[in-house]
Amino acid sequence: MILPILKFPDKRLRTKAVAVETVDSAVKKLVKNMFETMYAQKGIGLAATQVDKHLQIVVMDVPDSGADYRLLKDQIRKNKKPPEEKHPLCFINPKIIKKSGSEVHAEGCLSVPDYYADVERFNHITVTALDKNGKKFTLEARNLLAICIQHELDHLMGILFVDYLSKLKQQRLRDKLKKTK
Ligand code: NI
């Protein structure tokens, strides 16, 4: 089932997600629907917050490391199919336990359509979480995958990538959104 995605500046995107207590059938169903929604919208990550479910759940499918993010952006813009091979990742109750390095990347978000901006993030992180079956795992991530994880975990805390932009850029974005309405 494809779920509706909340769009910036919807206040519900500011809700802090709560931890999942048990990975039961309702959680598994939500994870399945989140993957369907993410793939249908040609996104590389989706947080439960974005579908108005305020649980600490994130799904992701980041193309192989080394993928050119600009190429990916063009594919999203032209509405082309994302790369065929799927690498689904599900993080329940994720926590970043190690972070280092930095990298500036153009980011986009399904909740802020047709908008991209550079954000500085750590480029090497270690994260622990439960998988879609409730099994604990630890993942070391670099580059685009590391950036995507930080972007999605921010959603769970009610933070959007546009919050990192200058006040001027944020105002320009708001003006642009008003015009398109
Ligand atoms: Ni996002």
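Before going into details, it helps to say that this report is about the structure given with it. (Residues numbered from 1 in each chain as written. Predicted model: local features only at pLDDT ≥ 70, side-chain atom pairs only at ≥ 80, totals over all residues. Heavy atoms only, no water.)

### What about the packing of aromatic side chains?
- Across all of its chains, the model carries three aromatic pairs by this definition.
- Consider the rings of F35 and Y39, whose centres lie 6.1 Å apart with planes at 20°: the pair is stacked. Of this pair, F35 and Y39 both sit in helix 1 (residues 25-40), four residues apart, roughly one helical turn.
- Classification of Y39 as partly exposed rests on a relative accessible area of 23%.
- For the ring pair F91 and F137, a centre distance of 5.7 Å and an interplane angle of 45° mean the geometry is tilted. With a gap of 46 residues between them, F91 in strand 3 (residues 89-100) and F137 in strand 7 (residues 136-142) connect regions that are remote in the sequence.
- For F91, a relative accessible area of 0% gives the class buried. (Phe/Tyr/Trp six-rings, centres within 6.5 Å; stacked < 30°, edge-to-face > 60°. Helix = DSSP H or I, 4+ residues; strand = E, 2+ residues; numbered from the N terminus. Buried < 20%, exposed > 50% of the residue type's maximum accessible area, 1.4 Å probe, protein only.)

### Quick look at the side chain of H155
- Within the element layout of this structure, H155 appears in helix 3 (residues 143-156).
- According to the relative accessible area criterion, H155 is buried, its value standing at 1%.
- Those residues in contact with H155, other than ones at most four positions away along the chain, are L13, T15, A47, T49, Q50, C109 and L160. (Contact = heavy atoms within 4.5 Å.)

### What to know about the sheet that holds strand 7
- Taken in spatial order, the five strands make up an open sheet running 1-2-3-6-7, and their pairing is antiparallel. Looking at the sheet topology across the chains shown, the edges are occupied by strand 1 (45-47) and strand 7. The mean inter-strand angle of the sheet, taken between neighbouring strand axes irrespective of direction, is 40°.
- Bridge count for strand 3 against strand 6 (residues 124-130) is six bridges, and the pairing is antiparallel. When the bridges of strand 6 are listed, I96 appears paired with V127.
- Seen against the sheet, helix 1 touches strand 1, strand 2 (57-60) and strand 3 and runs at an angle of roughly 40° to strand 2.
- Each of strand 1, strand 2, strand 3, strand 6 and strand 7 touches helix 3; the most contacted strand, strand 7, lies at about 120° to it. (Pairing = 2+ DSSP bridges. Axes fitted to C-alpha atoms, helices over the stretch in contact; angles between N-to-C directions.)

### Let's talk about the side chain of Q170
- With respect to the element layout, Q170 can be found in helix 4 (residues 167-180).
- Once residues within four sequence positions are removed from consideration, Q170 is found in contact with V162, D163 and L165.

### Examining the pairing of strand 5 (residues 112-121)
- The pairing of strand 4 (residues 103-109) with strand 5 spans six bridges and is classified as antiparallel. Looking at strand 5, one finds that H105 is bridged to V119.

### Structural notes on the state of the cysteines
- Counted by the stated rule, this structure contains zero disulfides.
- The structure places no disulfide on C148, whose sulfur is separated from the nearest cysteine sulfur, that of C109, by 9.8 Å. (Disulfide = S-S within 2.5 Å.)

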